[in-house]
Amino acid sequence: MSFRQAAGAAAAGAALLLLLAPSATALSAPSGEITVDPTVTVAADGTITLSGTYRCTGAAGPVFVSSTVTQGDPSVSHPIGGSSAVCDGAEHRWSNAEKNAPHTLVPGPAQVEATVFDLSATGLPLPTIHATRKQDITVVQS
């Protein structure tokens with residue numbers, strides 16, 4: 001398994017934990033910020049790429065940036081990779097990519113949600129959200 005696949009799997013697992021244990025994440029106040037570039041690219045082979053910047057401090061364990069895109073039906077979201085991050089207070093670029101079936105996303109408006117979080121390094125790895133952002137974006141063919 002490549003590092004990118006492992007990071008994506010960790011981000012997906014943490015997102016699942018966020019859904020299953022909302023009270024655990026509510027205990028920690030956000031300590032960062034995240035931006036999302038207004039344009040998302042989709043390649044002919046279905047590879048979707050999201051990007052932006054993040055800044056965070058005070059991580060207790062491994063840090064990740066996760067992202068999802070929704071287009072059309074608001075009940076259907078597409079996870080777009082996951083990447084490792086560093087919470088050192090400096091601004092960093094992030095980029096997540098995921099190969100989906102062609103035409104999963106089509107050129108036009110969509111919504112993205114991106115989150116910077118860490119997993120506690122001791123005991124059960126519970127996520128702490130440092131920043132999250134939901135925004136409208138535009139999908140373009142690359």
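You'll find the structure just up there.
Okay, so let's go over this structure. Just so it is clear, the structure is predicted and the values come from calculations on it, not from any experiment. (Residues numbered from 1 in each chain as written. Predicted model: local features only at pLDDT ≥ 70, side-chain atom pairs only at ≥ 80, totals over all residues. Heavy atoms only, no water.)

### Here's the deal with the overall build of the protein chain
Threshold: A run of H or I in DSSP becomes a helix once it reaches four residues, and a run of E becomes a strand once it reaches two; helices and strands are each numbered from the N terminus. To sort residues, take the accessible area from a 1.4 Å probe on protein chains only and compare it with the maximum for the residue type: under 20% means buried, over 50% means exposed, and anything in between is partly exposed. Throughout, a contact is declared for two residues whenever any of their heavy atoms are within 4.5 Å. Here the accessible surface of atoms and residues is derived via Shrake-Rupley with a 1.4 Å probe, and residues count as covered only by protein chains that are part of the display.
Looking only at helices and strands, one finds 2 helices and 8 strands in the protein chain. By the burial criterion, 39% of the 142 residues in the protein chain qualify as buried. Of the contacts formed within the protein chain by residues at least 6 apart in sequence, a portion of 69% connects residues at least 24 apart. When the accessible area of the protein chain is evaluated, it comes to approximately 7,300 Å², of which 60% is carbon and sulfur surface.

### What about the pattern of salt bridges?
This is how the line gets drawn: By salt bridge we mean one thing: a side-chain nitrogen of Lys or Arg within 4 Å of a carboxyl oxygen of Asp or Glu.
Tallying each qualifying case throughout the model produces 3 salt bridges. For Asp37, the salt bridge identified is with Arg93, shortest N-O distance 2.7 Å. Taken together, the residues Asp37 in the loop between strand E1 (32-34) and strand E2 (39-42) and Arg93 in strand E6 (residues 92-99) connect sequence positions 56 residues apart. Classification of Arg93 by relative accessible area gives exposed; the value is 54%.

### Examining the pairing of E2
Side-chain positions along a regular strand alternate between the two faces of the sheet. The condition that has to hold: Two strands are counted as paired when DSSP detects at least two bridges linking them.
By the alternation rule, side chains of E2 split into Val40 and Val42, which are all buried, and Thr39 and Thr41, of which none is buried. Bridge count for E2 against strand E3 (residues 47-56) is 2 bridges, and the pairing is antiparallel. Each residue of the ladder has a partner; that of Thr41, found in E3, is Thr49. Hairpin remark: E2 followed by E3, antiparallel, with 4 residues in the connecting loop; positive phi at Gly46, about 95°.

### Points about the packing of aromatic side chains
Rules: Ring geometry is summarised as follows: Phe, Tyr and Trp rings, the Trp one being its six-membered ring, pair when their centres sit within 6.5 Å, and such pairs are stacked at plane angles under 30 degrees, edge-to-face over 60 and tilted between the two.
The tally for this structure, following the rule as stated, stands at 1 aromatic pair. Relative to Phe117, the ring of Phe64 has its centre 5.8 Å away and its plane inclined at 35°; by these criteria the two rings are tilted. Taken as a pair, Phe64 in strand E4 (residues 63-70) and Phe117 in strand E7 (residues 108-119) lie far apart in primary sequence, 53 residues in all. Across this residue pair, the class does not change: Phe64 and Phe117 are buried.

### Observations regarding the nonpolar core
Taken as a class, soluble globular proteins show a tendency for nonpolar side chains to be buried jointly. Test applied: Residues belong to a common nonpolar core when they are buried Ala, Val, Leu, Ile, Met, Phe, Trp, Tyr or Cys residues joined through side-chain atoms within 4.5 Å.
Counting residues in hydrophobic clusters, the biggest one holds 23 residues, and the most contacted among them are Ile34, Tyr54 and Trp94. Going through the elements one at a time, E2, E3, E4, strand E5 (77-85), E7 and strand E8 (127-141) are the ones with two or more residues in this core. Apart from residues no more than four positions distant in its own chain, Tyr54 is found in contact with Glu33, Ile34, Val65, Ala85, Val86, Ala90, Glu91, His92, Arg93, Trp94 and Val116.

### Points about the side chain of Asp118
Counted only if it meets this: Counting rule for charge: Lys and Arg are taken as positive, Asp and Glu as negative, and neither His nor the chain ends is counted. N or O atoms within 3.5 Å of each other form a polar contact, as long as, within protein, one can give a hydrogen and the other can take it, and as long as residues adjacent in sequence are counted only when both atoms are side-chain atoms.
You can see Asp118 is positioned in strand E7. There is no salt bridge for the buried Asp118, and the closest opposite charge comes from Arg55, which lies 16 Å off by N-O distance. Separated by 3.4 Å, the side chain of Asp118 and the backbone nitrogen of Ala60 make a polar contact.

Note that every value here comes from positions in space, so none of it alone points to a role or purpose.
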